[in-house]
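Okay, here's what each chain looks like letter by letter:
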Amino acid sequence: MRLAIVIDVDGDIMYVPEGAVFENYPKPKLFNNLKDAQEECAKWNTGIIVDFDTNKTVPIIRSFDDEERRRSIEREEMNRDDGTGTNKDSTR
C-alpha cells in the first residue's frame, strides 16, 4: 500500500508534493509505512492520510482512554448473559 497525504490549500484539495515548491501538478510524496505518513501528516493542519492507489482514507485505530476503558468494563458487567449482570447503569 502506498500512502499519501491530502491537504486543503485555499479550498483546493491536493497531495503533499515531493519537493518544497508547490508547482502545477506536482508528483505526490508517497510513503510505504503508516509511521512516516503520520509524521508528515502532523506537519499539515488539514492533512489526511489516504491510500494513494484507491484514494480511500486510512483508518487510524487508537487505544481507549481510561474513561472509555472503565465504561467498557461497566458495560460488560451490565450485558453479562450468565445471570450475574447488574442491569444498572451507574453513569446515569
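Residues numbered from 1 in each chain as written. Predicted model: local features only at pLDDT ≥ 70, side-chain atom pairs only at ≥ 80, totals over all residues. Heavy atoms only, no water.

1. Focus: unusual backbone geometry
Operational definition: Every helix listed is a DSSP run of H or I at least four residues long, and every strand listed is a run of E at least two residues long, numbered separately from the N terminus. Categorising residues by exposure relies on relative accessible area from a 1.4 Å probe, with only protein chains included: less than 20% of the type maximum marks a residue as buried, more than 50% marks it as exposed, and the intermediate range marks it as partly exposed.
One non-glycine residue, D10, adopts positive backbone phi at about 50°. Within the element layout of this structure, D10 appears in the loop between β1 (3-9) and β2 (12-15). Judged by relative accessible area, which is 78%, D10 ranks as exposed. For Y25, which is not glycine, the phi torsion reads 50° and is therefore positive. With respect to the secondary-structure elements, Y25 resides in the loop between β2 and α1 (34-41). Residue Y25 is classed as exposed on the basis of its relative accessible area of 81%.

2. Let's talk about the nonpolar core
Condition: Side-chain atoms within 4.5 Å link the members of a nonpolar core, which is a set of buried Ala, Val, Leu, Ile, Met, Phe, Trp, Tyr and Cys residues. Should any heavy atoms of two residues lie within 4.5 Å, those residues are considered in contact.
Among the nonpolar cores identified, the biggest contains nine residues, and these are L3, I5, I7, V16, F31, A37, C41, I49 and V58. Secondary structure elements with two or more residues in this core: β1 and α1. Broken down by element, the residue count for this core peaks at three residues, all from β1. Excluding residues that lie within four positions of it along the chain, C41 makes contacts with I5, G47, I48 and I49.

3. Examining the side chain of E40
Looking at where E40 falls in the secondary structure, it is placed in helix α1. Leave out the neighbours within four places in its chain, and E40 touches I5, V16, K29 and F31.

4. Some points on the sheet that holds β2
Our working definition: Paired strands, in this sense, are two strands between which DSSP finds at least two bridges. Every angle, taken between N-to-C directions, lies between 0 and 180 degrees, and every axis is a line fitted to C-alpha atoms, over only the stretch in contact when it is a helix.
With antiparallel pairing, three strands are arranged side by side in an open sheet as β2-β1-β3. Each end of this open sheet is capped by a strand with a single partner; those strands are β2 and β3 (48-51). The sheet shows a mean angle of 35° between the axes of neighbouring strands, taken without regard to direction. When β1 meets β2, the two strands line up antiparallel, connected through four bridges. Bridged to D8 within β2 is I13.

5. A look at the confidence of the model for the chain
Worth spelling out the cut-off: Across the chain, each position has a pLDDT score giving the predictor's confidence in that residue, from 0 to 100.
In this model, the chain carries an average pLDDT of 83, and 86% of its residues clear a pLDDT of 70 or more. Of all secondary-structure elements in the chain, the lowest mean pLDDT belongs to helix α2 (residues 66-79), at 87, while α1 reaches the highest, 93.

6. Details of the pattern of salt bridges
The condition is simple: Just to be clear on terms, a salt bridge is a Lys or Arg side-chain nitrogen sitting within 4 Å of an Asp or Glu carboxyl oxygen.
Evaluated as defined, the whole model comprises eight salt bridges. The partner of D53 in a salt bridge is R2, with the nearest N and O atoms 2.7 Å apart. Pair noted here: D53 is in the loop between β3 and α2 and R2 is in the segment before β1, with a separation of 51 residues, a long-range link. We classify R2 as partly exposed; its relative accessible area is 37%. Measuring nitrogen to oxygen at the nearest pair gives 3.2 Å for the salt bridge that ties E40 to K29. Residue E40 is located in helix α1, and its partner K29 is located in the loop between β2 and α1; the two are separated by 11 residues in the primary sequence. A single network of salt bridges, built from pairs that share partners, joins E67, R70, R71 and E74.

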